[in-house]
Amino acid sequence: MTTMTDSSVREFKMPDVGEGLTEAEILKWYVQPGDTVTDGQVVCEVETAKAAVELPIPYDGVVRELHFPEGTTVDVGTSIIAVAVGDGAAAAAEPVQEAVAEEPKPEGRQPVLVGYGVSTSSTKRRPRKGAEAPAAAQTPASAIQAELNGHGPAAPAAPAAPAAPAAPVTGDRPLAKPPVRKLAKDLGVDLATVVPSGPDGIITREDVHAAVAAPEPAQTAAPRSEPAAPAPSPSAPTSYDTTRETRIPVKGVRKATAAAMVGSAFTAPHVTEFVTVDVTRTMKLVEELKQDKEYTGLRVNPLLLIAKALLVAIRRNPDINASWDEAAQEIVVKHYVNLGIAAATPRGLIVPNIKDAHAQTLPQLAASLGELVSTAREGKTSPAAMQGGTVTITNVGVFGVDTGTPILNPGESAILAVGAIKLQPWVHKGKVKPRQVTTLALSFDHRLVDGELGSKVLADVAAVLEQPKRLISWA
């Protein structure tokens, strides 16, 4: 038996894989204890609130321990894998009984392969108990979901009685992590009334659940002539017929999308305008470009010219490409266009964007669209590709619908919805003829985009699609 020393084992922590993300779910482990790993080797795939990301290990060694099983959601900064390095790599193949100590925490924010780790804090993280599996501390997803839906908390497992409960933290604000604060808010629990059990007086998820499950203080009953009715027995947890219903935990991309859409819909006052346009000439141009040698191997479809039409309209009306800064009470006008394309994936709706799309030629834009779509379909879109968008296109026409009233992507002021292109009777040169027609819808943030500006942008997009030669004359 070999005892591992602190210096021979390194703990790889869940990195900060995207701006503003605080947790990620481990989807798949590519290594097991005893496997040899090299610097840069991918060891696992995790799903954040924005995308699935593969994590490489930043050093050579032998896998000592996987701290969490697949399917576990882990906070950023939490150790997920122990790797024996240097002299300890050979000894890692032998079983050990002593717990491996975590390496000393470095000062400040340390770079990792996919970003920067979280900054150090004076408040320490709750240490993992050696006698418990990491997953045991996690509240089952089904229990949390039942609570958030108003079905009442599931009966928590009885924890081991501590020697003495921690005293409530004195001060203006109780100590708790943001996810714990959100849980307390969702369950209607006042954190000031919760007795903390974590180190340094930190309130944990278990403390919140215990506060919910604790019976309310008995009230003094007024004298009554009738005998008091027996106290009702606690209601049993609501059961569901699994053959008639399927309950899916809300997490990952779906959870982030839901939060973003609710925040956008109830923060930005939306206005949506519509226009129906004859795109017959645009469809003819699409067919001609497909035969052009310069576009060989590129993705050429109506969305390409619609995207270019929107970029032209933004160049003619630059104030549409802006965002609202609530904190500074300023309108931020962007002098670049990061064009977002809404994409439906098995994990949910994502909106990757093409950086500096305004500076791309039509062939370059075609290549960027093709890469964006293929990457999204493979589930390999990076968090960076979904950050910094300025305006978005959503093509609901691929589902056969005429159009919709799209909700703004947070931080943007406009989104264009494109409906199905259909052969319809249309008055053309004084005669009714069958023409290729579609309906466009533009939603915009009425705080910074008034009706005139929104109408001009939508009219310009329609004008380009009706007469594609305007791509040249308005360039």
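Attention in this report is confined to the structure presented alongside it.

Quick notes on the rules
Residues numbered from 1 in each chain as written. Predicted model: local features only at pLDDT ≥ 70, side-chain atom pairs only at ≥ 80, totals over all residues. Heavy atoms only, no water. Pairing = 2+ DSSP bridges. Helix = DSSP H or I, 4+ residues; strand = E, 2+ residues; numbered from the N terminus. 1 Å grid on protein atoms, 1.4 Å probe; cavity = no way out; pocket = protein on both sides within 12 Å on 5 of 7 lines; lining within 4 Å. Points joined across faces, edges and corners; volume = space filled by probe spheres on them. Nonpolar A, V, L, I, M, F, W, Y, C, P; charged D, E, K, R; others polar. Salt bridge = Lys/Arg side-chain N within 4 Å of Asp/Glu carboxyl O. Buried < 20%, exposed > 50% of the residue type's maximum accessible area, 1.4 Å probe, protein only. Patch = residues over 30% accessible without salt bridge, like charges linked within 9 Å, V, L, I, M, F, W, Y side chains within 5 Å. Areas by Shrake-Rupley, 256 points an atom, 1.4 Å probe, with all protein chains shown as cover. Axes fitted to C-alpha atoms, helices over the stretch in contact; angles between N-to-C directions.

### Some points on the sheet that holds strand β6 (residues 61–66)
Spatial strand order, β1-β8-β6-β3: four strands in an open sheet with antiparallel pairing. Each end of this open sheet is capped by a strand with a single partner; those strands are β1 (9–13) and β3 (36–37). Of the strand pairs in this sheet, β1 and strand β8 (residues 79–84) are connected by five bridges, and their pairing is antiparallel. Across the sheet, residue Arg10 finds its bridge partner in β8, namely Val83.

### Some points on empty space enclosed by the protein
This model, assessed by the stated rule, comprises one cavity of 30 Å³ or more. When its volume is computed, the largest cavity comes out at roughly 40 Å³. Within the residue set of the lining of the largest cavity, elements represented by two or more residues are α6 (280–291) and α7 (302–316). Grouping the amino acids of the lining of the largest cavity by side-chain chemistry returns six nonpolar, two polar and no charged.

### A short note on the pattern of salt bridges
For the coordinates displayed, the defined rule picks out eight salt bridges. In this structure, Glu287 and Lys290 form a salt bridge, with 3.7 Å as the shortest nitrogen-oxygen distance. One end of the pair is Glu287 and the other is Lys290, both in helix α6 and three residues apart, which spans about a single turn. For Lys422, the salt bridge is made with Asp402, and the minimal N-O distance between the two is 2.9 Å. Residue Lys422 is located in strand β22 (residues 422–428), and its partner Asp402 is located in the loop between β20 (391–395) and β21 (414–418); the two are separated by 20 residues in the primary sequence. Residue Asp402 is classed as partly exposed on the basis of its relative accessible area, which comes to 45%. Each of Glu326, Asp445 and Arg447 takes part in salt bridges that share partners, so that together they form one network.

### Looking at a nonpolar patch on the surface
Together, Val398, Phe399 and Val401 make up a nonpolar patch on the protein surface, roughly 320 Å² of accessible area in all. By the element assignment, Val401 lies in the loop between β20 and β21. Residue Val401 is classed as partly exposed on the basis of its relative accessible area, which comes to 38%.

### Overview of the sheet that holds strand β2 (residues 23–29)
Read across the sheet, four strands follow the order β5-β4-β2-β7 without closing on themselves; strand pairing throughout is antiparallel. Of all the strands in the sheet, the pair left with one neighbour each is β5 (52–56) and β7 (73–75). With strand direction ignored, the average angle separating the axes of adjacent strands in the sheet is 40°. By the bridge criterion, three bridges tie β2 to β7 in an arrangement that is antiparallel. Of the residues in β7, the one forming a bridge with Glu25 is Thr73.

Just geometry here; none of it tells us what the structure is for.
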